[in-house]
Amino acid sequence: MNRLAGKTKDETLIEMQSASDDQSGDGIITLTGFRMTLLPGEDNNGHSVISTSTKDSQLPGIPESLSATESACLLSSLPGIDGQHQSKDSVFFRDGVRRIDFVLSYLDDHTKDGEKKQERRKEYESNLQKAGLELETEDKSESEDGKTYFLKVHAPWEVLATYAEVLKIKVPFKQNDIPNSREIPLQWLFKPFRLPDEVMNPEPDYFTSPFEKDKPDFFLIDNKDTFFPPSTRNRIVYYILSRCPYWKEDMRDKKGIKRLLSNGTYTSAYALHDCRYWTRANDLNCESERFTLYKEWARFLRFYKEQPLNLIRKYYGEKIGIYFAWLGFYTEMLFFAAIVGLICFCYGASTYHENVWSKEICDPEIGGKIVMCPLCDKKCGYWKLNTTCESSWQSHLFDNVGTLFFAIFMGIWVTMFLEFWKRRQARLEYEWDLVDFEEEQQQLQLRPEYETKCTRRKLNPITQEMEPYLPLTSKCARFCLSGATVIFWIALIIACIIGVIAYRLAVYAAFASLMKDNPAHELQLVGSLITPQMATSVTASCINFVIIMILNFLYERVAIWITDMEIPRTHLEYENRLTMKMFLFQFVNYYSSCFYVAFFKGKFVGYPGKYIYMFAKWRNEECDPGGCLIELTTQLVIVMAGKQVWGNIQEALVPWLWNWWGSRKARSHPETLYSRWEQDHDLQCFGQMGLFYEYLEMVIQFGFITLFVASFPLAPLLALVNNIIEIRVDAWKFTTQFRRPVAAKAHSIGAWQEILNGIAIVSVVTNAFIVSFTSDMIPRLVYYYQYSSNYSMEGYINNSLSIFNISQFSDQNRPENGENPIWFNETVDTTCRYRDFRFPPGHEKEYSHNMQFWHVIAAKLAFIIIMEHVVFMVKFFVAWLIPDVPTDVKARVKRERYLIQEYLHNYELERLKNQLSQQANGRGCPDPGGLLAATEKHEVLSQVL
């Protein structure tokens, strides 16, 4: 106002003219990107004045009623109004006082559709102002692309206080005085892995209680501007944005920022990061928590450090915090599984040369003289057993007694992991004030989409309020359509798997024909490893992996569509339904090929002269004489490692490329103001389902290292290495490549907990079946204890191969002329061998299963039953032994509740005393006796309550 008073009349008229040039017919003036709504009127002296209609123009030192000239001149004189002099890292309005809690962006559109969008925006912003929010617009001329408008949103104290009470947000009222009795043994050993205490605990520990607007003096409110942290502020603002109406059609309100984003009215909506990630903010009022997170957490060189979970929770909210807590705990537990798996692998490698059956296969006098029956019809010739020498040695690395021990160990490990995670989760619930969150979640309002699409209303018997509901007939129809869609896509996966199996059967003959003279042996290093079986397995696994990726891409969109169609009632219900659909699909998609190799390949083959055919066309595959375990290992490594590598590339490289391309103009014009909201606008949007895909990726990996771990003990080690990278990649992605997600609360990992429990139970069964039916361990043990002459494995190979008379081959099965190797002589080699336990030709039960076959089957079934019962008994005992909630946490929760009740009682008592005292003073006749009686009455009443 001083600057205005010092101006001449001519200067005032010039400024008034410049202001009126920017004035539109609806009373909106835009000055250097500042938007305010002005209403014409008169003062007490009859002079024309302009009054601000909303709080967004009530800046410090500005009266509520100004003339148009005074308003324009005063705004232009305020510091920070000129965009060119505003800090790049500013997270405040142009007054430098009001914090930007949310930003909406939109483009200028002069088409007919653009006029509708403008009307929607005008109505929506008007309703936001009616809801108490304050708005400020950055003109497109101030943006780096010259096209984008930015609408900045600020929530004043009244709005924050009102909605904090509605959302039952817990805030501090007293510093926690319960001593922390947790002591970590050998704490000095972990010092190199620790972060500074100010990073691990960015704020003191407080007792908290749901906010109540009418008790401001009960809570520790030092500064209203900083009382609610930015994460809580953007959560409250987003709650308002998602429920504010923007149009009325057929007596129904259309509402929510999601719809406005989907129809193009706004191009984006996001909360702001507090600074650039590579440097602290210049403004001391900014916390620079993003910089701290990048420095201490997101850099890969900090991979050995603990995660600053409290700071993650403070900056991103509890939902993201609980994900990183779970991922970190899972990675820690993987360390123990990886160590044991590595020991088991080393055991297999150390006993490499003690493998008697592999020596027999490779021995020219034993394996070199055993002629094996053709593995396919017509195109495959006879072959000698010693050609599988290399694969037999490789199989021993994983198919040994150590693997049996590891399978049992993993069944117990998975229980320990889940039980200890429950304890860790319970501790986080207490530390992050989420103990009563489940009850509060049920009281929160419905999804805006549910409220909009459900037109019918019914009385809620609990709240006695009318609320929307979905009729039972509509719900059943939607569920049926949803279920049919899921079944169709699962059937599509199975059809693709059958197609891959058909590929294996059809291509094997071609590989066998090409490699009959072993031209691959001419290759150095890998030549001896390339066999028809290996070539078929590797190419089929790669094709299967490509199919998996394509189906994933398509089904993700279908799953979201059918979940939206079901119209779930709450956000929690929406996420749980989508989680179950996606995981069911991914389970079949990723694991079906492994299930085929583990439990179907080589099990339904028949025998020479009476083979079993698929679709009466392709002969079913056989396993190597050493079993199918090595092929299952190959399949597992290709799918698991391929998914992890592809996932990390997709997570890190794709967002970086998009951001690099989106900000290229800003980099080429450094002289322009590249503001905080524009920097964040050029980042990738972290969608509502972003965290869902992170969980899904880890749970699929969890399935690989538990369901099929008996075939590959190094799987936990691969997962450990991947997760160490995954944590830092996710951290880097969150801090540098994505806009700041809207803070959300979560007290657990949700439906994923039940999925992990289900996988843990299924893994015991699958590993028992893998050891029994996929590996060759049980037949070897039966031979060792029942059929060997001196308790040795000598002669096992000859014992495990049955005999077939070559002359009994039909024309359909007999190799064509020229397919047999040079060394084969039909007059000398009258029999061939195959993998089974059957009577030889000439026996009265020719080609029927012999007694050893039934001994082996009985031993396999007995092993499955014994292993399952032992592991399940240990699992349930461990689950019973380990309480879900630590004892000290239970005590602290009870203590805190007691102290809160006592503190509330004292507060109410003091408040009553003050009220009675004021009443007595007001009457002019103080009544100490009456005051004392009322106080005592209140104390008794509180004790009864």
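Since the model is a prediction, treat every value here as computed from it, not as a measurement.

Quick notes on the rules
- Residues numbered from 1 in each chain as written.
- Predicted model: local features only at pLDDT ≥ 70, side-chain atom pairs only at ≥ 80, totals over all residues.
- Heavy atoms only, no water.
- Helix = DSSP H or I, 4+ residues; strand = E, 2+ residues; numbered from the N terminus.
- Buried < 20%, exposed > 50% of the residue type's maximum accessible area, 1.4 Å probe, protein only.
- Contact = heavy atoms within 4.5 Å.
- Areas by Shrake-Rupley, 256 points an atom, 1.4 Å probe, with all protein chains shown as cover.
- Axes fitted to C-alpha atoms, helices over the stretch in contact; angles between N-to-C directions.
- Parallel < 35°, antiparallel > 145°, perpendicular 65-115°, else oblique.
- Nonpolar A, V, L, I, M, F, W, Y, C, P; charged D, E, K, R; others polar.
- Core = buried A, V, L, I, M, F, W, Y, C linked by side-chain atoms within 4.5 Å.
- Left-handed = near helix turned anticlockwise from the far one by under 90°.
- Salt bridge = Lys/Arg side-chain N within 4 Å of Asp/Glu carboxyl O.
- Phe/Tyr/Trp six-rings, centres within 6.5 Å; stacked < 30°, edge-to-face > 60°.
- Lys NZ or Arg CZ within 6 Å of the ring centre and 35° of its normal.
- Expected span 1.5 Å × (residues − 1).
- Arc of directions from axis to C-beta.
- Patch = residues over 30% accessible without salt bridge, like charges linked within 9 Å, V, L, I, M, F, W, Y side chains within 5 Å.
- Pairing = 2+ DSSP bridges.
- Polar contact = N/O pair within 3.5 Å; in protein donor to acceptor, adjacent residues only side chain to side chain.
- Disulfide = S-S within 2.5 Å.
- pLDDT = per-residue confidence, 0-100.

A. Fine view of the overall build of the protein chain. When its secondary structure is counted, the protein chain shows 31 helices and 22 strands. Taken across its 945 residues, the protein chain has 51% of its residues classed as buried. By sequence separation, contacts in the protein chain at least 24 residues apart represent 75% of the contacts at least 6 residues apart. As displayed, the protein chain has an accessible area near 45500 Å², and 59% of this comes from carbon and sulfur atoms.

B. Here's a closer look at the packing of helix H21 (residues 629-662) against helix H25 (residues 715-737). One way to put it is that H21 packs onto H25 with a least axis distance of 11 Å and a crossing angle of 10°. Overall, the two elements H21 and H25 adopt an arrangement that is roughly parallel. Taking contact as the criterion, the partners of Met-640, Gln-644, Asn-648, Glu-651, Ala-652, Pro-655, Trp-656 and Asn-659 in H21 are, on H25, Ala-715, Leu-718, Ala-719, Asn-722, Ile-725, Glu-726, Val-729, Asp-730, Trp-732, Lys-733 and Gln-737. Here the residues of the contact of H21 with H25 sort into ten nonpolar, five polar and four charged.

C. Highlighting the nonpolar core. The biggest cluster of nonpolar side chains holds 123 residues, and the ones touching the most others in it are Trp-326, Tyr-330, Trp-413, Phe-417, Phe-704 and Trp-752. Counting residues per element, this core draws most heavily on helix H12 (residues 318-350), which supplies 15 residues. Contacts of Phe-704, omitting those with residues within four sequence positions, involve Tyr-590, Tyr-591, Cys-594, Leu-636, Val-639, Met-640 and Val-709. Judged by nonpolar contacts, the second largest core, of 45 residues, contains Tyr-124, Ala-161, Ala-164 and Ile-236.

D. Quick peek at the packing of H12 against helix H24 (residues 690-707). Their axes nearest at 11 Å, the elements H12 and H24 cross at an angle of 20°. Comparing their axes, H24 and H12 come out roughly parallel. Crossing angle aside, the handedness with which H12 passes H24 is left-handed. The residues of H24 that touch H12, namely those facing Lys-319, Ile-320, Ile-322, Tyr-323, Trp-326, Leu-327, Tyr-330 and Leu-334, are Leu-691, Glu-694, Tyr-695, Met-698, Gln-701, Phe-702 and Ile-705. Taken together, the residues of the contact of H12 with H24 sort by class into twelve nonpolar, one polar and two charged.

E. Focus on the pattern of salt bridges. In the structure shown here, the tally under the stated rule is 36 salt bridges. Two residues, Glu-575 and Lys-319, come together in a salt bridge whose shortest N-O distance is 2.2 Å. Placement of the pair is Glu-575 in helix H20 (residues 571-599) and Lys-319 in helix H12, with a sequence separation of 256 residues. Residue Glu-566 pairs with Arg-577 through a salt bridge whose shortest N-O separation is 3.1 Å. Of the two residues, Glu-566 sits in helix H19 (residues 532-566) while Arg-577 sits in helix H20, which places them eleven residues apart along the sequence. With respect to class, Glu-566 is no different from Arg-577; both count as buried. A single salt-bridge network, built from bridges that share partners, covers Arg-94, Glu-136, Glu-138 and Lys-152.

F. Just the packing of aromatic side chains, in detail. Counted under the stated rule, the structure contains 75 aromatic pairs. Seen from their ring centres, Tyr-785 and Tyr-791 are 6.5 Å apart, and the 65° between their planes marks the pair as edge-to-face. Residue Tyr-791 is classed as exposed on the basis of its relative accessible area of 53%. It is Arg-740 that lies over the ring of Tyr-315; its NZ or CZ is 3.8 Å from the centre.

G. Representation of the environment of Ala-859. Within the element layout of this structure, Ala-859 appears in helix H29 (residues 851-881). As a C-alpha pair, Ala-859 and Pro-779 span 80 residues in sequence and 8.3 Å in three-dimensional space. Those residues in contact with Ala-859 that sit more than four places away from it in its chain are Ile-778 and Val-782.

H. Looking closely at helix H4 (residues 112-130). In this model, H4 (19 residues) spans 28 Å end to end at C-alpha, consistent with the 27 Å of a helix rising 1.5 Å per residue. Every buried residue of H4 is listed here: Gly-114, Lys-117, Arg-120, Arg-121, Tyr-124, Glu-125, Asn-127 and Leu-128. All buried residues of H4 lie within an arc of 155° about the axis, which places them on one face of the element. Residues Lys-112, Gln-118, Lys-122 and Lys-130 are exposed on H4 and point more than 90 degrees away from its buried face. One or two residues past the end of H4 sits Gly-132, with phi positive at roughly 105°.

I. Spotlight on a nonpolar patch on the surface. Together, Trp-188, Leu-189, Phe-190, Phe-193, Phe-300, Phe-303, Tyr-304, Val-721 and Ile-725 make up an exposed nonpolar region whose accessible area comes to about 890 Å². Tracing the backbone through its elements, the reader meets Val-721 in helix H25.

J. Highlighting the pairing of strand S5 (residues 102-107). The element S5 is largely enclosed, with a buried count of five among its six residues. Pairing geometry for S5 and strand S7 (residues 148-154), over six bridges, is antiparallel. Within the sheet, the bridge partner assigned to Leu-107 lies in S7 and is Thr-148. In terms of strand pairing, S5 meets strand S12 (residues 268-270) through three bridges, oriented antiparallel. From the neighbouring strand, Val-103 faces S12, where its bridge partner is Tyr-270.

K. View of unusual backbone geometry. The backbone of Ser-288 shows a phi angle near 55°, a positive value even though the residue is not glycine. By the element assignment, Ser-288 lies in the loop between S12 and helix H10 (289-298).

L. Quick look at the sheet that holds strand S6 (residues 134-138). Taken together, four strands build an open sheet; the order of strands is S6-S7-S5-S12 and the sheet is antiparallel. In this open sheet, the two strands that pair with only one neighbour each are S6 and S12. Shown here is a sheet whose adjacent strand axes are inclined to one another by a mean of 20°, direction ignored. Helix-sheet contacts for H4 involve S5, S6 and S7, and the interaxial angle to S5 is about 165°. Contacts from helix H8 (residues 230-241) reach S5 and S7 within the one sheet, and its direction differs from that of S5 by about 45°.

M. Region of the structure containing the side chain of Thr-736. By secondary structure assignment, the location of Thr-736 is in helix H25. Its relative accessible area of 3% is what places Thr-736 among the buried residues. A distance of 3.0 Å separates a polar atom in the side chain of Thr-736 from a polar atom in the side chain of Gln-737. When sequence neighbours within four positions are dropped, the list of residues in contact with Thr-736 reads Tyr-277, Arg-290, Tyr-294 and Leu-683.

N. Region of the structure containing the state of the cysteines. Here the structure, examined in full by the defined rule, presents three disulfides. For Cys-362, the disulfide goes to Cys-389, at an S-S distance of 1.8 Å. Between Cys-362 and Cys-389, the S-S dihedral sits near 100°, and the bridge is therefore right-handed. On the criterion of sequence distance, the pair formed by Cys-362 in helix H13 (residues 356-362) and Cys-389 in helix H14 (residues 389-398) is long-range, its members being 27 residues apart. In this model, Cys-373 is linked to Cys-832 through a disulfide, with the two sulfur atoms separated by 1.9 Å. On the sign convention where negative is left-handed, the bridge of Cys-373 and Cys-832, at about 85° about the S-S bond, is right-handed. Linking Cys-373 in the loop between strand S13 (371-372) and strand S14 (383-384) with Cys-832 in strand S22 (residues 831-835), this pair joins segments that are 459 residues apart in sequence. Each of the two residues, Cys-373 as well as Cys-832, counts as buried.

O. Representation of the confidence of the model for the protein chain within the structure. Taken as a whole, the protein chain shows an average pLDDT of 80; of its residues, 82% reach a score of 70 or greater. Scored below 50 in pLDDT, residues 1-84 shows 129 contacts in the model against residues more than four places distant or in partner chains.

P. Seen up close, the environment of Asp-363. Topologically, Asp-363 is positioned in the loop between H13 and S13. Its relative accessible area of 27% is what places Asp-363 among the partly exposed residues. Sequence separation between Asp-363 and Asn-386 is 23 residues, and the spatial gap between their C-alpha atoms is 7.1 Å. A polar atom in the side chain of Asp-363 sits 3.0 Å from the backbone nitrogen of Glu-365.

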